[in-house]
Every structure is written in structure tokens, then in C-alpha cells.
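Chains, contacts and geometry: an overview
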Amino acid sequence: MAKLTQLIDNEVFQAYATYAVIVLLKMMLMSLITASVRIRRKAFANPEDTASFGKGENAKKYLRTDPDVERVRRGHLNDLENIVPFFGIGLLYALSGPELSTALLHFRIFAGARIAHTFAYLIPLPQPGRGLSWAVGYAVTISMAYKVLKTAWYL
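The paragraphs below set out a description of the structure included in this document. (Residues numbered from 1 in each chain as written. Predicted model: local features only at pLDDT ≥ 70, side-chain atom pairs only at ≥ 80, totals over all residues. Heavy atoms only, no water.)

**Overview of the nonpolar core**
In this structure, Y16, V23, F86, Y93, F107, F110 and M144 are the most contacted members of the largest nonpolar core, which totals 20 residues. If you list the elements that add at least two residues to this core, you get helix 2 (11–41), helix 4 (67–95), helix 5 (100–122) and helix 6 (129–152). For this core, the leading source of residues is helix 2, giving eight residues. The contact partners of M144, leaving out residues within four places of it in the chain, are F86, I89, G90, Y93, H106 and F107. Counting residues in hydrophobic clusters, the runner-up holds five residues, among them M30, V37, A43 and V69. (Core = buried A, V, L, I, M, F, W, Y, C linked by side-chain atoms within 4.5 Å. Buried < 20%, exposed > 50% of the residue type's maximum accessible area, 1.4 Å probe, protein only. Helix = DSSP H or I, 4+ residues; strand = E, 2+ residues; numbered from the N terminus. Contact = heavy atoms within 4.5 Å.)

Structure representation (C-alpha cells):
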């Protein structure tokens, strides 16, 4: 079994770790953007979040949904639906022994697609921009999953 130090010295694993951290930080940024938009639009989901705006009936008017907040939340949810699978499948892919250049191509395209998807969601850009950026990232994850299954194939 490989030692952890050998894994950390592996260039493909280093590339995976780099791009995994990039997309995870991007996903974490979405929660900060959600909070910022909530505060700016004064649209909160929980009564305790309205405390600084008053008490009772005055605070209740801030318990509402807002289209801008919901748009950011949908973008964040889409990140959860796509980055979490990348995180697991990408790790297995990195451990399956791909060529560094091929692995970098997968990781870079995925990260770029997710960043483009976020801009397309938040600006918002007209379709098919958001759909294409989602599809590219999804296809990269499927490609890595295929390589893992092809390499291991213990079904």
C-alpha cells in the first residue's frame, strides 16, 4: 500500500487536490454571496435573522423569499449537485493512474466550467451559456467515472 507521502508527491494527485480546493472554495463563496444578497435585499428565511430590523410584526415583513436570493441559492444547490460528485469521482480518477496531461485537462475543464456556470447564473447570461457550462462539467465527471470503471472494473 502506498504511503501518504507517496500520494502527496504524485503529480496527478497534486493536480486533483489543487482543482478540488479551487471548486470547493468557489462553492463556499456561494454561501457568502447568498448571505450578502439576503442582507442587501432584506429577505430572510428565519425569524432570528430579522432581529436587527425590529421585533414582532415589523420584523415579519423581512421573512420572505426574494427572486435574487433564490437565484443565488439555486446556483449554490447546483454546485452541491456537481462539485460533490467531482470530489469523489475525481479522487478515484486521480488514484487510477491517468496521464498527468489528461488529468489536468479534466480538472481544468471542470473548474472552468463550474466558474463559467456561476457567472452565467449570477449575471445572468442568456441560455445556452449556463446549460452548456453545466453540461461540460457534467461530461468531464462522467468521463472520469468511465475511466475509473474501465480501470477497476470489479462489478
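**Examining the packing of aromatic side chains**
Enumeration over the complete set of coordinates arrives at eight aromatic pairs. With a centroid separation of 6.2 Å and 40 degrees between ring planes, the pair formed by Y16 and F87 is classed as tilted. Of the two residues, Y16 sits in helix 2 while F87 sits in helix 4, which places them 71 residues apart along the sequence. On the accessibility criterion, Y16 (4% relative accessible area) is buried. Ring geometry for Y93 and F107: centres 6.0 Å apart, planes at 90 degrees, overall edge-to-face. Here Y93 is found in helix 4, whereas its partner F107 is found in helix 5, with 14 residues between them in sequence. Owing to a relative accessible area of 0%, F107 belongs among the buried residues under this scheme. Put simply, the rings of F13, Y16, F86, F87, Y93, F107 and F110 touch in pairs and so form one group of aromatic residues. If you follow R130 out to its NZ or CZ, it ends over the ring of Y121, 4.5 Å from the centre. (Phe/Tyr/Trp six-rings, centres within 6.5 Å; stacked < 30°, edge-to-face > 60°. Lys NZ or Arg CZ within 6 Å of the ring centre and 35° of its normal.)

**Looking at unusual backbone geometry**
Here I123 and P124 are connected by a cis peptide whose omega angle stands at -20 degrees. Looking along the chain, the bond that leaves Q127 and enters P128 is cis, with omega of 15 degrees. One non-glycine residue with positive phi stands out, namely K42, at about 50 degrees. Within the fold, K42 resides in the loop between helix 2 and helix 3 (56–60).

**Looking at the pattern of salt bridges**
Throughout the structure, instances matching the rule amount to six salt bridges. Here R64 and D66 are joined by a salt bridge, their closest N and O atoms 3.6 Å apart. (Salt bridge = Lys/Arg side-chain N within 4 Å of Asp/Glu carboxyl O.)

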